[in-house]
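Spelled out, the chains give:
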Amino acid sequence: MWIPTEHEKYGVVLASFRGTVQHGLPLEIGDTVQLLEKCEGWYRGFVHKNPNAKGIFPCTYIHLKNAHIKNKGQFETVIPTEDSVITEMTTTLRDWGAMWKRLYVVKTVQHTHKNEGDLFHRLWHVMNEILDLRRQVLVGHLTNDRMKDVKQHITARLDWGNEQLSLDLVPRREFSMVDPDEISVTELFKLMEHRHRKKETPVPASTHHLFVHMKSLMSSNLGEELEVFFHIYDGRENRPLSERFFVRLNKNGVPKSPEKTERQCTLFVDLGSSDLRKDVYIVVHIMRIGRMGAGEKKNLCSIQYRRPFGCAVVSIADLLTADSKDDHLLKVYACTTESEWYQIHENIIRKVNSRYNLSGSNTGLAVSLQLLHGDIEQLRREYMVLFTRGVSITKKLGFSDIIMPGEMRNDLYVTLEKGEFEKGGKSVARNVEITVYVLDIEGQVMKSYVAAGSGEPGGDEYHSFVLYHNNSPRWAEQIKLPIPVDMFRGSHVRFEFRHCSTKDKGEKKLFGYSFVHLMQEDGRTLPDGTHELIIHKCEENANLQDSSRYLKLPFSKANLPGNNQAVKGTKESFWITSFLCSTKLTQNGDMLDLLKWRAHPEKINDSLSKLKEIDGSEIVKFLQDTLDTLFGILDESSQRYGLKVFDCLVHIINLLQDSKFQHFKPVMDTYIESHFAGALSYRDLIKVLKWYVDRIVDAEHQDHIQQVLKATEYIFKYIIQSRRLFALATGGQSEEEFRCCVHELFMSIRFFLSQENKITSPVTQTQAVFLRTFPAVYGELLKIFTVREVAGFVRETLGSLPATAHAECPLEAVKLHCIAKTVESQLYTNPESRCILLPVVLRLLQAHMQEQRDLVMCARILTSMLSLIRKDDSVTTEPVVSEEVDLIVDSLLVVLMRTILEITNRPQPAGTNMRLQFQDITGEFVACLLALLRQMSDKHYQQLLQTFTSKDDLRDFLLQIFTVFRILIRPEMFPKDWTVMRLVTNNVIITTVLYLSDALRKNFLNEKFDYKVWDSYFYLSVIFINQPCLQLESFSPSKRKRVLEKYGDMRVMMGCEIFSMWQNLGEHKLNFIPAMIGPFLEVTLVPQPDLRNVMIPIFHDMMDWEQRRSGNFKQVEAKLIDKLDSLMSEGKGDETYRELFNSILLKKIERETWRESGVSLIATVTRLMERLLDYRDCMKLGEVDGKKIGCTVSLLNFYKTELNKEEMYIRYIHKLYELHLKAQNYTEASYTLLLYDELLEWSDRPLREFLNYPMQSEWQRKEYLHLTIVQNFDRGKCWENGIILCRELADQYESYYDYRNLSKMRMMEASLYDKIMDQQRLEPEFFRVGFYGKKFPFFLRNKEFVCRGHDYERLEAFQQRMLNEFPHAIAMQHVNQPDQTIYQAEAQYLQIYAVGPIPESQDVLQRDGVPDNIKSFYKVNHIWRFRYDRPFHKGTKDKENEFKSLWVERTTLTLVQSLPGISRWFEVEKRELVEVSPLENAIEVIENKNLQLRTLIAQCQSRQMQNINPLTMCLNGVIDAAVNGGLARYQEAFFVKDYIVNHPEDGEKIGRLRELMFEQAHILEYGLAVHEKFVPQDMRPLHKKLVDQFHVMKSSLGIQEFPAYVRASPVHFTNGSPRSSCRNSVPNIISPDGARVVARRSPLTYPAVNRYSSSSLSSQASNEVSNITGQSESSDEVFNMQPSPSTSSLSSNHSASPNVTSSAPSSARGSPQLQDKHKHSRENSCLSSRERPVSAIYPNPLDPAQRATPHQIGDTTLPRSDPNLSAPDKVRTTFSSRSLDSVKEVNNTQFSDTVGKLLCPPVPPRPPYSGSSAKTMRSQSPLPTSRSPQKSSLPPFTPSPTECQSAGLVSNSPVLSGSYSSGISSMSRCSVSEASGTEATTGDHPAHQGPTMPNSVSSGSDELIRRENKTPPPYSVYERSNPRRPVPLPHSLSIPPSVDPPALPPKPHQLRTSSMKLVPTSDPRRADGVPHVPRPRPLPRKVSQL
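About the cut-offs
Residues numbered from 1 in each chain as written. Predicted model: local features only at pLDDT ≥ 70, side-chain atom pairs only at ≥ 80, totals over all residues. Heavy atoms only, no water. Helix = DSSP H or I, 4+ residues; strand = E, 2+ residues; numbered from the N terminus. Buried < 20%, exposed > 50% of the residue type's maximum accessible area, 1.4 Å probe, protein only. Contact = heavy atoms within 4.5 Å. Pairing = 2+ DSSP bridges. Axes fitted to C-alpha atoms, helices over the stretch in contact; angles between N-to-C directions. Expected span 1.5 Å × (residues − 1). pLDDT = per-residue confidence, 0-100. Polar contact = N/O pair within 3.5 Å; in protein donor to acceptor, adjacent residues only side chain to side chain. Salt bridge = Lys/Arg side-chain N within 4 Å of Asp/Glu carboxyl O. Parallel < 35°, antiparallel > 145°, perpendicular 65-115°, else oblique. Nonpolar A, V, L, I, M, F, W, Y, C, P; charged D, E, K, R; others polar. Core = buried A, V, L, I, M, F, W, Y, C linked by side-chain atoms within 4.5 Å. Left-handed = near helix turned anticlockwise from the far one by under 90°. Phe/Tyr/Trp six-rings, centres within 6.5 Å; stacked < 30°, edge-to-face > 60°.

Here's the deal with the overall build of the protein chain
- Broken down by element type, the protein chain carries 61 helices and 42 strands.
- Per-residue burial for the protein chain yields a buried fraction of 57% across its 1986 residues.
- At a minimum sequence separation of 6, the contacts of the protein chain that also span at least 24 residues come to 77%.

Some remarks on the sheet that holds strand S31 (residues 573–582)
- As summarised here, the arrangement of the four strands in space is S26-S23-S31-S29, forming an open sheet in which the pairing is antiparallel. In this open sheet, the two strands that pair with only one neighbour each are strand S26 (474–481) and strand S29 (529–534). Each neighbouring strand pair of the sheet contributes to a mean axis angle of 25°, computed without reference to strand direction.
- Pairing of strand S23 (residues 410–420) with S26 involves six bridges; the strand directions are antiparallel. Paired with Leu412 across the strands is Leu481, a residue of S26.

Let's talk about helix H50 (residues 1478–1501)
- For H50, built from 24 residues, the straight-helix expectation of 34 Å at 1.5 Å per residue is met to within 8% by its first-to-last C-alpha distance of 35 Å.
- A large share of H50 lies buried, amounting to 24 of its 24 residues.
- A positive phi of about 60° marks Arg1503, the residue just after H50.

Description of unusual backbone geometry
- Between Ile1073 and Pro1074 the backbone carries a cis peptide bond, its omega angle lying at 5°.
- Relative to the helices and strands, Pro1074 is located in the loop between helix H34 (1050–1065) and helix H35 (1077–1084).
- The residue Glu40 is not glycine, and still its phi comes out positive at about 45°.
- Looking at where Glu40 falls in the secondary structure, it is placed in the loop between strand S3 (32–39) and strand S4 (42–47).
- In this model, Ser166 sits at a positive phi of 55°, which is unusual for a non-glycine residue.
- Relative to the helices and strands, Ser166 is located in the loop between helix H3 (144–164) and strand S9 (172–173).

Overview of the confidence of the model for the protein chain
- Across the protein chain, the average pLDDT comes to 77, with 76% of residues at 70 or higher.
- For the stretch residues 872–876, pLDDT sits under 50, and the model shows two contacts to residues farther than four places along the chain or on other chains.
- Taken together, the stretch residues 1604–1986 has pLDDT below 50 and engages in 1324 contacts with residues farther than four places along the chain or on a different chain.

Topic: the sheet that holds strand S25 (residues 461–463)
- Read from one edge of the open sheet, five strands run S25-S24-S27-S28-S30, paired in antiparallel fashion. The open sheet has two edge strands, S25 and strand S30 (536–537), and neither has a second partner.
- Of the strand pairs in this sheet, strand S27 (residues 492–500) and strand S28 (residues 508–517) are connected by nine bridges, and their pairing is antiparallel. Note on S28: the bridge partner recorded for Glu496 is Tyr513.

Quick word on the side chain of Thr899
- As for its placement among the helices and strands, Thr899 is situated in helix H27 (residues 877–905).
- At 3.4 Å, the side chain of Thr899 and the side chain of Gln852 are in polar contact.
- Residues contacting Thr899, with those up to four places away along its chain left out, are Met849, Gln852, Leu855 and Phe925.

With respect to the pattern of salt bridges
- Summed over all chains, the structure comprises 100 salt bridges.
- Put simply, Arg135 and Asp132 hold a salt bridge, and the shortest N to O gap is 3.8 Å. Of this pair, Arg135 and Asp132 both sit in helix H2 (residues 114–139), separated by three residues, roughly a single helical turn.
- Between Asp1101 and Lys1069 there is a salt bridge, and its shortest N-O distance comes to 2.3 Å. In this pair, Asp1101 sits in helix H37 (residues 1097–1110) while Lys1069 sits in the loop between H34 and H35, placing the two residues 32 residues apart along the sequence. In terms of burial, Asp1101 and Lys1069 fall into one category: buried.
- Three or more residues joined by partner-sharing salt bridges are found here, namely Glu227, Arg244, Arg248, Arg263, Arg306, Glu456 and Glu477.

Quick word on the packing of helix H22 (residues 787–799) against helix H25 (residues 831–850)
- The N-to-C vectors of H22 and H25 enclose an angle of 10°; their axes lie 8 Å apart at closest approach. Classified by the angle between their axes, H22 and H25 sit roughly parallel to one another. Contacts from Val787, Arg788, Ala791, Val794, Arg795, Leu798 and Gly799 in H22 reach Glu832, Ser833, Ile836, Leu837, Val840 and Arg843 in H25.
- For the contact of H22 with H25, the class distribution of residues is seven nonpolar, two polar and four charged.

A few points about the nonpolar core
- Membership of the largest hydrophobic core comes to 305 residues, with the highest contact counts inside it found for Tyr718, Met865, Phe925, Phe1018 and Phe1080.
- At twelve residues, the largest contribution of residues to this core is made by H27.
- In terms of nonpolar packing, the next biggest core, distinct from the first, is built from 55 residues, Ile434, Val493, Phe515 and Leu580 among them.

A closer look at the pairing of strand S37 (residues 1389–1398)
- Counting buried positions along S37 yields ten of ten residues, so the element is predominantly enclosed.
- Both strand S36 (residues 1370–1371) and S37 contribute to a ladder of two bridges, which runs parallel. Considered in S37, the bridge of Ile1370 is made with Tyr1389.
- Pairing of S37 with strand S38 (residues 1423–1433), which is carried by three bridges, proceeds in the antiparallel orientation. Counterpart to Ile1398 in the pairing with S38 is Arg1425.

Things to note about the environment of Leu1127
- With respect to the helices and strands, Leu1127 occurs in helix H38 (residues 1114–1129).
- Take Leu1127: its relative accessible area is 2%, and that puts it in the buried class.
- Considered as a pair, Leu1127 and Gly1078 are 49 residues apart in the sequence and their alpha carbons are 8.9 Å apart.
- What Leu1127 contacts, discounting residues up to four positions off in sequence, is Gly1078, Leu1081, Glu1082, Leu1085 and Lys1132.

A few points about the packing of helix H40 (residues 1155–1179) against helix H41 (residues 1186–1203)
- Running from amino to carboxyl end, H40 crosses H41 at an angle of 155°, the nearest separation of the two axes being 9 Å. As far as their axial angle goes, H41 and H40 are roughly antiparallel. Of the two possible hands of crossing, H40 and H41 adopt the one that is left-handed. Residues Thr1164, Arg1167, Leu1168, Arg1171, Leu1172, Asp1174, Tyr1175, Cys1178 and Met1179 of H40 lie in contact with H41, whose contacting residues are Lys1187, Lys1188, Cys1191, Thr1192, Ser1194, Leu1195, Phe1198, Tyr1199, Glu1202 and Leu1203.
- Looking at the contact of H40 with H41 residue by residue, the class counts come to ten nonpolar, three polar and six charged.

A look at the packing of aromatic side chains
- One pass over the full model with this rule turns up 73 aromatic pairs.
- For the ring pair Trp475 and Phe574, a centre distance of 6.2 Å and an interplane angle of 80° mean the geometry is edge-to-face. Placement of the pair is Trp475 in strand S26 and Phe574 in strand S31, with a sequence separation of 99 residues. Note on accessibility: Trp475 and Phe574 belong to one class, buried.
- With centroids separated by 5.9 Å and ring planes inclined at 50°, the aromatic side chains of Phe515 and Phe555 adopt a geometry described as tilted. Of the two residues, Phe515 sits in strand S28 while Phe555 sits in the loop between helix H8 (547–551) and helix H9 (565–569), which places them 40 residues apart along the sequence.

So this is what it looks like as structure tokens:
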């Protein structure tokens, strides 16, 4: 049976448990679990990281831990009872662990910055370190001190990691985390601020130390041992600042004792901040130990001397920039003359170059120098290695800036300055060496007390260095004598002088000595300063053995009696400088006199007077002795010396206020507590103090009195201690007397404080001095008086201050300081005294805060006050606290809020420090307000609200508090990692708002309604909910759990409150519609389900009230739509919200009368959300791709069409424009910007500033847009469109007579024309893409689009790009329309294949003589319709001849907008499907091949081909295939009797096919003749073979002789354009229905080698097709591709080989195995890559009559079957094969002439051609073949032999494509409706025939035609209002006379359209004959200010 656990509540998982049993809970090692129930060895519970999943697990897997249970029961919380630091470590490490893993992913995957990688490793080390420390704490074997250090280290590491990972700052007290509920908000703020400050601003150290490590001396001429001395030298005062550091070097220049680091490393300690300046130096003196002369030969003399070697200097300021221990190489200088050695360092510093030089070019001293900061104890902790390894300490000369009590030091420094010596009978000067000894009182040499410096131990003696031959040597050599204090008395120092001979013996001969006593007889030590010593003659060492013999002699010339002139007059003298640094000895006689006052009572008065003149360091040395002396004198003769003793005491007390001596205050405190014995002193002290206070008002000079008052604290300490001692001794006698005295003293004080004086009055300053020291007295008074008594003293004293004071008065600030110290004192912490003091404190505080004075101090006081107030459970303190809160609320709440408002509205100060202080006081005031509000109970709120007598006051209060709350919520209010503080703030705010909302309901509803208060309330609530710190979803799970446990979800609480308040509003809701729609919408977008459920119904309410008011809710709709866009673009909202919004509101409006319009609004908003969500998701992606652009287009159109929001529409136009620019889609960018351009007019209306546009007129903005669009059209090579805009701008400039800009515009236009003619343009491919499945974004879902590919992008590349954009999509491998299962699938399916464009207008494309690079634009621009073909077999397939049943399914797609446009892809609006019969298929194939042959022949004739290979290849392919039975298959299929009988309607078409076959034979014959003329010699055999095979072909076709009509009409090939010398074009066929054949590419560079073939006419032909795979990209392969008989050529829509990519897979194309249309395979996919650049053949737009036959529309992009292919010549081809290495691409483009759609200004008038009427001229077709099985044709007619138009060939494009096989292969895609002239009569064009042109036009008229017909193409992008002028057409050019091959039959002529003029009412795109309704402009023209 499961039993609830009692004590077993918390445990840690010891081993992982899989949880495979029923109800088992999987556990991971280290998880913490909460245990709920227990049963037979099993627990039931949950893991803390996922409390929702509960289950069972074995007891043995759990280690139980003690825990504390809160809220026992269902919602209990279990907290482990372990050290809080351990708990924090555990939770923090868990959080870090997850983030650390993420850092690893970021580091490895994204290869991010080095910093993030470093953080990964550093965090890893810190985590390991914390784990190790955690183990140490858990074991529990640490001492208390060590535990404290470890915890400090842990918390430092935790804080570092939290800061690095941008986690929250943790408030701590003594290493433990603080629960914000258990301390006041002001305390919490202080803790947070302290940790923040600690993190940010390290306190600059006041003490500094210099670390020196001597490495080596590098020099080439050493060979002797060296001594190196370092010291710090003040260049400003020319004196050393420190003692010397001494290092011995061996002969190699390295330290002699390398193992003893203290001998080579030192720390120069106690440098003050003032010492770190530029003129403080490190000076190094180097001595050598050896012979007298450095270069002397080695002699027998073994005596060595100390001799000068060199000096180095470095400024200490140079080290300030060095962060770490830097090695320095110091230059070493030598003296030019030894006599200058003593000041060589000064000369180097002053750069007196003449007195020193470099001791050697390569001599250098290698040292390591580093400045360390902080006190020495701190350094011992931070640089432990330094101190453990060993480092000598080099002290400062004298005491440091701060003298510490207990510091023991007794160092005497003696500097050997100089000497004056006689020659002593020598001819040359002496070499003098001094030996120094220290001797004790008995005359014995003291051992080890003579030191050259730190670093080396002291010796018994010291030898100075020797200066060569110098009787006036100057040494300036400092030695240190660390003699103990007890040995000072009677000791002396002896200096012995010896002459050092340089002769062979090298002896040192004594010639004199000096001595000096260390202490005088009166106990004073040797005074500091320079002493001139007497040199006593002595030549025997024995004479110095007994010191008593010479100690009686005088030692100093200064001390000689006046009668001893003989000694005074001697020339020989020796000078030393002494300096004593001692904490025990004094050189001051006055000090000794005072201390020995009992011995000399007569000197007491004098000694007391002189005490003030004694140096402070002397007094503090003997502080206790001095105080004992003073109180001893006071006790013995208080009447006589009382005042003087009091003054001396005041002097000493004030001396300790000095920063240098402040550390001696504890010494005085200890003295008072432990050593002070003046039990009677209190009377005298009180009496004298009162005497001084009483004289304040009348005294002229206040200085001394102010000194007395400064010492008040310690005077009271002495008074109180004295009274306690007296009471102890006497059993409490005279108590009443004492109290009386104190009361009288305070009365005197109150009297002097109550005086009102001028600001500058000395008394005012004295009052200020007293107030500064007064709070320090409270603690002393409490030792004797009760709390209430002391509080009474303080209240009366502070209350006596003058109430009215000037703001400038310094006393005001001091008052506040006094109040602050009072509030922080021990006295105020007691509740009893607090009640007494609080009114005084509040009165002063309120006055200052109201006047906004001294706010920093006010904040400090208020913080201290509120820190003391806590809600306490105890009954006794509760009323007290409540009363205090009452008082504070009454006095300060309103003024506190006003202060916060004023501070936050002030401009921030400029200085950094000021700004920091400014932020601090804001934070402190805020903390105070929060603390006060948190203390307020319901009762307090009621009392507060009752204090507002009028409604206006209450209104002002509410407005004020709501405004303050809004300020508190601001993100900048607290640093970003202060989440704890923010949560506390929010908790206080929501509690207060809940209290105040009642007041709002009661006082401001119904007739008392006040909009401003309610608005402020709602505004605050909305901001509250939207705060980042409350968005729990962004928190880690553990943090979210902690917040929810402590505070719950405050957003939901506030949301419920908003809803409740809204419901109370009633009809006043109308005041907030539509203003609150945006804010409430923002709230509902917060991803909290409960909050959404509460808030969304408010919108229904708004709709309802708006409906009541105005009958609709347009306002609600408009506001919703506007706000949704901005909010969702900020990342708010999600799919769940959209569904919730929809479902909640639909449910709400079910019963409303206005349900329909409500449903409509909800649907609109929901659809907008869909698009906005899609848009946002797309924008998250990195690169600009089609998805982003498509999504933006969808949204833009939605705003335009459905919402009619012009401003949003324009905004998205510019977003789309930016996307296009980023993707380098310059053409699309131009079209996009054109949308905005079209909204503007050429007017002077002023426009406001908008987006990046300045304020300007509409004309200026339109001009700017025009120029930008032209620039982008230029970059996108869409120059034709740019020209139109140039013209429009030029017209504007011309109308304003702005000829300068007009000129520029014309030049720009001209440059665009040049670019059209000179630059190459690539043709884009077009691809149809279907997006199927529910997983696609809304704007793509289950839709199909046609996309314009990038340059050089073929199908496979495009398909890969799409799959990259949609990585989860599945590519469909067939082209059949998907079924409903695909549409509804929860997946993404992509269906992609290539399609061919169908140009709309044939105007330019059919015009003779237009260069190809002009035509190329119209072939692929402004395309509305696209198509693709799919071959299939209908009926029974004839295995012998599959052409009989090979049909083509042709699909035409119509787009919603033409390409290119504002996007690279547009949705398909309409799809049409028609079927093309086998016979029509055959006709098209042969037509196309004939056309190709004519083109190649014409190119060859005009010598456009660089070689003849393409023509050879083509002829070979056609002839070879025909000979092997290719064309015969057509004959078998269609010329047999059965077919003619069964298909009587196809008679004309059969005739047409026959004529085409004859025509092909004739063209071949003509082509062979041309070929023979140009074929090179090595290809003659091939030519002969071709001729032979041609005859075989003719005979196989049964042709003996060509029909008469063929022979009668020789064909004239046009061989050039009147405008182009390099491109010759062939006139186009132009028919009334607009069908036409256009130029193909010229395969000039493609070798004529047939690589691929397939068996012709085989029964397996269709199987071969079904195995087609992607072909090679190489050019020779491309041009040898020939389809098998079952297929037609698989070329692109631009190519002669039709694109199978736009068609079905090959398995669907006539394959015998294909049973259904859905059969497909991946290999045979129509999705294969296009392999060569190809031109397309386009029909003209059909007239209405012809549009009845849909299959005639456009260009066949379908394969055609070709029976003429021979087995060796057939190749497998793909639909969209396109070669990347093709020659120049010429794009076959088509033009949309739709009015209003594209840019098209009127073409300027041109001179009409004189020879014919352009309006009536037509081409005629000799063969009346109609390809439509649904239409009959009229009988054929033969053209006049004089007709000049050779209409059968396309223009001689320099680039042709297609397989050079028979006519079927590459012509298959040319579905040319070569309708007869009679067909024209069925359409809009009459059938009458214009006059024909004579064939024999003279060359002169020919030239005239060329000149007169330089008509530019109509570069229209949209048709303007002007009708286009008719354009005359040029003659065709006849073949040159030299050409003599047989004539070709004439090409079938087609009639030209009767006029070039566009008929605006008919749309060439429309196939249904319905007059075209012009498409609407993007937006109706508004008078918009945008």
